[in-house]
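Coordinates in review
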Amino acid sequence: MDKERILKELNKGASSWNNWRKNQATGEINLDGVVLSGMNFAEYDFSKISLRNARINQCSFKYADFILANLQYSELRDNDFSHAKLIAANLTSCDLSNSNLFMANMLTANTRNARLENIDFRGHDISGLMLRDISLAGSNLEGQQLARVDLTNSNLQGVNLQGADLTGTLFTGANLTSADLRGASLAGAVFKSSNLSGVDLNKMDLSKADFTAANLTYCDLRYANLSKTKMAGANITGAKLCKIVTAGWSIANIECTHAYWDKGGQEKTVYRNHEFERIFAEAITIELRYPYRLVDHELATLPIFIEHLAAVHWGTILRLKSISDVAGGALVKFVVEEVGSHNPTELKNQLQAEAERIQLAQLMLRTNTQLHLQLKEKVAAIREEFWPRLLELAADHEKDQVRNLTILFMDLKGFSKWRDDELSEKLSLFRGLIKPILKKWAAGHPNMEGDSLRVTFTNATAGLSCACMIRNVLRAAGFELRIGVELGEVAVIHNEVTDIPDLEGVAVSMAARMEAAAEPGEVLVSHKVRHYAERSDLFKFTPRRVPLKKSIGAIEQGEHIECFAVEATKNLQDSLV
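What comes next is a walk through the structure. (Residues numbered from 1 in each chain as written. Predicted model: local features only at pLDDT ≥ 70, side-chain atom pairs only at ≥ 80, totals over all residues. Heavy atoms only, no water.)

In this structure, the largest pocket occupies an estimated 1100 Å³ of space. Lining the largest pocket are 34 residues, and of these Lys243, Ile244, Val245, Arg530 and Glu534 lie nearest its centre. When contributions to the lining of the largest pocket are tallied by element, the ones reaching two or more residues are α11 (527–533), β14 (539–547) and β15 (560–568). Per-element tally for the lining of the largest pocket: the top contributor is β14, with five residues. Tallied by class, residues from the lining of the largest pocket come to 15 nonpolar, seven polar and twelve charged. (1 Å grid on protein atoms, 1.4 Å probe; cavity = no way out; pocket = protein on both sides within 12 Å on 5 of 7 lines; lining within 4 Å. Points joined across faces, edges and corners; volume = space filled by probe spheres on them. Helix = DSSP H or I, 4+ residues; strand = E, 2+ residues; numbered from the N terminus. Nonpolar A, V, L, I, M, F, W, Y, C, P; charged D, E, K, R; others polar.)

Here we come to unusual backbone geometry. The backbone of Thr108 shows a phi angle near 60°, a positive value even though the residue is not glycine. Assignment of secondary structure puts Thr108 in the loop between β2 (55–57) and β3 (258–260). In this structure, His274 takes a positive phi of about 70° despite not being glycine. Of note, His274 is situated in the loop between β4 (268–270) and α3 (275–280).

A few words now on the side chain of Ser74. As for its position among the elements, Ser74 is in the loop between β2 and β3. With a relative accessible area of 2%, Ser74 lands in the buried category. There is a polar contact of 2.3 Å between the side chain of Ser74 and the backbone oxygen of Leu51. Side-chain polar atoms of Ser74 contact the backbone nitrogen of Ala54, separated by 3.1 Å. Setting aside its immediate chain neighbours within four residues, Ser74 contacts Leu51, Arg52, Asn53, Ala54, Ser93, Cys94 and Asp95. (Buried < 20%, exposed > 50% of the residue type's maximum accessible area, 1.4 Å probe, protein only. Polar contact = N/O pair within 3.5 Å; in protein donor to acceptor, adjacent residues only side chain to side chain. Contact = heavy atoms within 4.5 Å.)

Have a look at this one:
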């Protein structure tokens, strides 16, 4: 149909145009490449029309019908599409920037590679649109429900995403610089290779999010939850990191030349190449699976195994972490406590490969009867020479020894008010309930005086797990209690009065002070305990500020100390059932 005739009809107004389309127009209406400006097309029927490569701006399309219209590659900036029907319209590579889309219906519209910049989408549900490879720069997406939506390679520069649900959303390769993400839900979102430089992520829950190879330079991550977050190959240079939660995060090959850990984000901490990863990465773990079970010679040579791995990687320190039964055999884990000057990611791969090579030699020994017998004879000779001497030293093993231990102090509330006729029965019940719990968590140096308890643990996680179980069990039995837990150097001394080993040290005194300051039913712990236990994902720590009821060191009675109240997470609660 002649384009001049179409434009002539177009200028006659909505009523005439719509009637003409209904009664006379046949075939496709083609206005490809048309240039229009400043015109009123309110209520026009443009359904199924072709406007490819058109240049239309500052026009009114209020209540216009664009159902199934083809607007590919068109420039439609600064127009009013309020209440327009853009249902199933082809907007591929179309530019609608700065337009008014209030109450416009864009259901199933094709927006691939479109530019929808500086548009207020409040009141719209855009989750059904094709949002990957488009530009939404400067647009208002406040409160949008975009969970698990694909925004791959999209331009989101300066976009307002306040309060939006972005759980599990794909932002791979997206540009989010200057984006406003305050109050948004970002748990599990995927930001692979995306640009978030300078974005404010203060106090955000970023748990299980994927920032692999992302640009996070100069981001504000203060108080953010980065637990189980993937940050391999990311760049966090210049980021603010005060009190971030990092349990289970992955930071292989992370880039960081400097960062800010203070509350105000002003005190610069500089890092050498790979130093940030060496300091803050989860400990490198090497795993080896053995068929069936570990035989005697394999157990005996594990110390040599560890020495060999450390020797071929100068500056590393390894230790045996665990030996456990698994389906089909045994699992041995080594942990790297010091990585030296090595790149941690490369070191892990090299150690794993070397460990598997040496394991093959171990397994071959199972079939070499002669060499196996020689090794057994050597081990037996060592045992015969040194075991009697070790037994002689056992009695003096703890005398005047200084250890780094977790100390638990517990006290029952209301003990002094118990009647004489119930005192013995209640104390007997209390001790009967406590005993199997202490055994379960391998508590050391138990000391029970009346209604109080003091025990030690070799690690903070075991100590807090035991404290939570004690609280659960004693509460269920009707007891009220307070618990304080500290970690630090403890001297094991011989008590001349009781003739049994006793404990001394600031850590012991501080655990007792926190127990005294705790509310009934409360477990209070120090910063040290939290630092060593929070990575386990078994506990929730709530900051508390409590006054000391008795002086300790330079801290006077009545002064406040910073500590944390502990609650078990669901993971630990399930294990305690």
